[in-house]
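What follows is the residue order along each chain.
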Amino acid sequence: MNIIKKVSATVLVLIMALSVCACHPKDEVAVKVGDYEFTSAYYMCALIEADLSAKQKIDDEADENADTSADDYYYKQKIDGKKFVDYVKEQALLSLKKVAVLKAECKKAKVTVSSEDESNVKMYAQYYWSSYGYNQLYEPNGVSQDTYIKYTTDSYYSNKYFDSIYGEDGTTPIASEDISEFMTENYRLANVLDADFSSIEDSEKETKTAQINDYYEKLKAGTYTFAQVYNEYNGTTDESTTDTTDAEDGSAPKDSHATVIGNDKTNYSNDLFDTVSAMAMGEIKLITKDNDAGYQIVIKKDITEDSYYLKNLDSEIRHNLKDDEFNEKVDSLVKKAKVTENKSATKRFKVEKIVYPETDSSTTTA
């Protein structure tokens, strides 16, 4: 009897799967924005991304005592006055509108994603798919690797359109002096030796403290270079950890040990920013960490003396200067975009039914 029940259940599942396939073809269009069409699987990609972002937003704003373990916790929340599910669906459609608008604007500007760009994005997407377990999230939700690669590639159009306006060869390029000024105001450069005592026994701290103080004195006296201190402290001797002076074309930093330290406007935000800013160029400082957690030896360097940093930070600085203006421009275009939603396709995808690796839920594939 149990065997008959199992066979019957299997047949039923197959019948249901076949009926779904018959009603919803593999490449059915779920959303159309202007001249651009998005399949059901692509829509699911956007829904997953919107769901992840919404949950993160709630986590960031949640009270520290909030119980987030309940299965329906997120679905009871509101974001910007909207029910969680409604907000996620709205954001998913909004992201598709944005992709379509950006692709359309790039087409008008005759800006394309080069084959080299596509190859790099594909490699990046494949790496995350297999090495970071993205396949375990997307595949159970009906998204293939090919669809994920396409979704990732399309996200690249934002940078392409941005560069077509504000890049060095853009229609409204940012003045080079503005980029240089932003760098000198918001970034610092230093050699930093971090001695972390958090994982060593108290008996070792006295020896380590003496070692750090000895390094500090030798650096001040000029009998040791920072590279020598770094190599000795870390037990390294290979050439890749020594100072380099042959990167004249700006393709690599002249000092391989230098650390970029930014303020909170940058992606290099570091608590040392104010300390380094107050130091004189070339000054050596020994910093004692709070709670007996160790020491830091810091030597201030001049970030403007190495062309590598202006070149390496160029894109980030341009975005810092113009992202607000760019986003306003894109938002105005998105608001005008005409959307046609195939609700017979999109309604099958329920936010509450998105499958995450730790759950045993199921969803319809597309």
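This is a predicted model, so every value here is computed, not measured.

**Student:** It is not clear to me how the nonpolar core should be interpreted in this structure. Could you clarify?
**Tutor:** Most often, soluble globular proteins keep nonpolar side chains buried together rather than apart. The biggest cluster of nonpolar side chains holds 66 residues, and the ones touching the most others in it are Y43, L47, F84 and Y309. A total of twelve residues in this core trace back to one element, the largest contributor, which is helix 3 (residues 84-108). Each residue touching Y43, except ones within four places of it in the same chain, is listed here: A30, V31, K89, A92, L93, L96, T346 and F349. In this structure, Y215, L219, F226 and I297 belong to the second largest nonpolar core, which totals 15 residues.

**Student:** Would you take a moment to explain the packing of aromatic side chains for this structure?
**Tutor:** The relative placement of two aromatic rings is captured by the distance of their centres and the angle of their planes. Applying the stated rule across the entire model yields 26 aromatic pairs. Relative to F84, the ring of Y75 lies with its centre 5.7 Å away and its plane at 75 degrees, an arrangement referred to as edge-to-face. Aromatic pair Y127 and Y128: ring centres 5.9 Å apart, planes at 85 degrees, arrangement edge-to-face. A connected cluster of aromatic rings, assembled from ring pairs, spans Y124, Y127, Y128, W129, Y132, Y134, Y138 and Y148. The ring centre of Y224 lies 4.5 Å from the NZ or CZ of K218, which sits over that ring.

**Student:** How do you make sense of the pairing of strand 5 (residues 187-196) when you look at a structure like this?
**Tutor:** Across a regular strand the side chains alternate sides, sitting on one face of the sheet and then on the other. For strand 5, the tally of buried residues reaches eight of ten residues, placing the bulk of the element in the interior. Looking at chain direction, strand 5 and strand 6 (residues 258-262) are connected through five bridges and run antiparallel. Within strand 6, the residue paired with A190 across the bridge is T259.

**Student:** What should I look at first to understand the sheet that holds strand 9 (residues 339-341) in this one?
**Tutor:** The strands that make up a sheet are held in pairs by hydrogen bonds between backbone atoms, and each pair lies either parallel or antiparallel. Strand order in the open sheet made by the three strands is 2-1-9, with antiparallel pairing throughout. Edge strands, defined here as strands with exactly one partner in the open sheet, are strand 2 (36-39) and strand 9. On average, each strand axis in the sheet is tilted by 20 degrees relative to the strand beside it, whichever way the strands run. For strand 1 (residues 29-33) and strand 9, the ladder comprises three bridges, and the chain directions are antiparallel. Opposite V33, over in strand 9, you have V339 as the bridge partner. Each of strand 1 and strand 2 is contacted by helix 2 (residues 40-61), which is oriented at about 80 degrees to strand 2, the strand it contacts most. Of the strands in this sheet, strand 1, strand 2 and strand 9 touch helix 3, which is tilted by about 140 degrees from strand 2.

Thresholds applied
- Residues numbered from 1 in each chain as written.
- Predicted model: local features only at pLDDT ≥ 70, side-chain atom pairs only at ≥ 80, totals over all residues.
- Heavy atoms only, no water.
- Core = buried A, V, L, I, M, F, W, Y, C linked by side-chain atoms within 4.5 Å.
- Buried < 20%, exposed > 50% of the residue type's maximum accessible area, 1.4 Å probe, protein only.
- Helix = DSSP H or I, 4+ residues; strand = E, 2+ residues; numbered from the N terminus.
- Contact = heavy atoms within 4.5 Å.
- Phe/Tyr/Trp six-rings, centres within 6.5 Å; stacked < 30°, edge-to-face > 60°.
- Lys NZ or Arg CZ within 6 Å of the ring centre and 35° of its normal.
- Pairing = 2+ DSSP bridges.
- Axes fitted to C-alpha atoms, helices over the stretch in contact; angles between N-to-C directions.

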